[in-house]
Amino acid sequence: MRVTWNGGTLTFRLDAEDEITGQAADGYPVKLRTNSCTVHGVPADAHPDLFAVAAWSIVAPWTRRRIVFDRAISAELAAALHEGWGVEAGPVSGTPRRTGSVLAISYSGGADSVAAATIHPDAPFVHFRRVPHPRVPNRWTHYRSDVLAKLAGRTGRELTVVDSDLEFTLAEPRPGYPEHHAVAAGALLLADRMDLGGLAFGYELGSRWLGGDRYLLRYTPDNPMWAPHGAWGRLFAAAGVHIVLPVGGVSEAVTMRLALESPLKDVVRWCLRGVDGPCRTCGKCLYKELIQAAVERRPLDTPITVKRPVARKWQEPPPYGGQEMIEYGCARVPGIEEGVFGKAAGHLRATEESTAWLDRCYPPALAEIPSPWRDTVEKFMIDNVGLMTPAQARRVEEWGA
Ligand SMILES: [Zn+2]
């Protein structure tokens, strides 16, 4: 793989051994659509290691053995690429970037992200906004990135919106981040200007420790995407921007509660389809409604019936993506036996007691937060959430076993 930055425009060329269909760090297959994209509004004089990590977050899935950058990277960054992915990276020269002092939040506007923002009330936001690609037709006009950016602007926080078409480098499964970390491409390139030493993401307990969503569905202490000692954690650290997961120790029930209690509650938005509010009819809205209903201790309020395609997977037996939250919801939502989640509830037979661990913070998640920000998160969790008992922490560690 050879990559070239021209201003904020990245062009990459595959070597003979590279492949059009590659794999993201979570093992998911991703197919290349086009070999260029732009990250708008980024400084031309960012440290070469920042350009390299931003490029790697886009081209990693398709790179097999080596990567040649257009400007020399530090030996430390080359080592992180080699240790993490087994690739030869170069050319090598110069010194690594000094770690900055500021923590910024990679802000999506969803409940997890708002919860992370609540923990760090002074942290600036960097918000990624999808814009059209000049050569790829946009068949995804229902995806309202403009609405999310507008809501981010109403938070009152110091905000940088980074426009990019990088998601259109993906043909399959659909436009999206080639690696989850590509959402940070803009923040990385702005790291010198913002003096960033850390970038906080809204990944919660399920994503960090339980192999949630499209991943493995089992306890993942060595999660390659989000563990500080994983390939991505070490690569970001080598570029002086530590990955920070303020809500990495708590479930989506806790992030939902924190978001609904937050001063930012009126600008929370997890659905990318609705204009004046969430669409209420997509799979994500249904999943989040279950969690919100559980947190608010009320019946489910949804127009979705068991016959709808988005409800189909809940008519099948487990395992489910995000299953811990389905258990949590089924144990707490009055009247769950009727309706969309009735079958799932029958299979899972969860109780408030069996899901009580999901109301507390997993202590090892605090231990892995870099020291400049650990005390803030720890104090917040002790004051507002409470820590898991050893028996509850074992529920995390036995997940999927
Ligand atoms: Zn929706």
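Residues numbered from 1 in each chain as written. Predicted model: local features only at pLDDT ≥ 70, side-chain atom pairs only at ≥ 80, totals over all residues.

1. Structural notes on the packing of helix α2 (residues 75-85) against helix α8 (residues 231-238)
Relative orientation of the contacting elements α2 and α8 amounts to 175 degrees, with a least axis distance of 9 Å. Here α8 runs roughly antiparallel to α2, going by the angle between their axes. On α8, the residues that touch Glu76, Leu77, Ala80, Leu81, Glu83, Gly84 and Trp85 of α2 are Ala231, Arg234, Leu235 and Ala238. The residue makeup of the contact of α2 with α8, split by class, is seven nonpolar, one polar and three charged. (Axes fitted to C-alpha atoms, helices over the stretch in contact; angles between N-to-C directions. Helix = DSSP H or I, 4+ residues; strand = E, 2+ residues; numbered from the N terminus. Parallel < 35°, antiparallel > 145°, perpendicular 65-115°, else oblique. Contact = placed C-beta atoms within 7 Å. Nonpolar A, V, L, I, M, F, W, Y, C, P; charged D, E, K, R; others polar.)

2. What about the sheet that holds strand β13 (residues 242-244)?
Read from one edge of the open sheet, five strands run β10-β9-β8-β12-β13, paired in parallel fashion. Unpaired on one side and paired on the other, β10 (159-164) and β13 mark the two borders of the sheet. Sheet twist, expressed as the mean angle between neighbouring strand axes with direction ignored, is 30 degrees. (Pairing = 2+ DSSP bridges.)

3. Details of the pairing of strand β2 (residues 9-13)
A one-sided burial pattern is seen for β2, the buried positions being Leu10 and Phe12 and the unburied ones Thr9, Thr11 and Arg13. Here strand β1 (residues 2-6) pairs with β2 via five bridges, running antiparallel. Counterpart to valine 3 in the pairing with β2 is phenylalanine 12. Where β1 folds back on β2, the antiparallel hairpin that results is connected by two residues, among which glycine 7 adopts a positive phi of roughly 65 degrees. Pairing geometry for β2 and strand β5 (residues 36-38), over three bridges, is antiparallel. (Buried ≥ 20, exposed ≤ 12 C-beta atoms within 10 Å, placed from the backbone.)

4. Observations regarding the packing of helix α10 (residues 283-296) against helix α11 (residues 323-332)
Relative placement of two packed helices is described by the angle separating their axes and the distance separating the axes. One way to put it is that α10 packs onto α11 with a least axis distance of 8 Å and a crossing angle of 45 degrees. The orientation of α10 with respect to α11, classified from their angle, is oblique. Crossing hand, α10 versus α11: left-handed. Residues Leu290, Ile291, Ala293 and Ala294 of α10 form the contact with α11, whose own contacting residues are Met325, Tyr328, Gly329 and Arg332. (Left-handed = near helix turned anticlockwise from the far one by under 90°.)

5. So, the pairing of β10
In this sheet, β10 lies alongside strand β9 (residues 125-130) in parallel orientation, the contact comprising six bridges. Directly across from valine 126, in β10, lies its bridge partner threonine 160.

6. Brief notes about the domain arrangement of the protein chain
Domain annotation of the protein chain identifies domain 1 (2-92) and domain 2 (254-356). Taking the mean C-alpha position of each, domain 1 and domain 2 sit 38 Å from one another. (Domains from an automatic or database assignment.)

7. Focus on the environment of phenylalanine 236
Relative to the helices and strands, phenylalanine 236 is located in helix α8. The class of phenylalanine 236 is buried, set by 24 C-beta atoms lying within 10 Å. Here the alpha-carbon distance between phenylalanine 236 and serine 354, two residues 118 residues apart in the chain, equals 37 Å. If sequence neighbours within four positions are ignored, phenylalanine 236 has contacts with Val53, Val241, His242 and Ile243.

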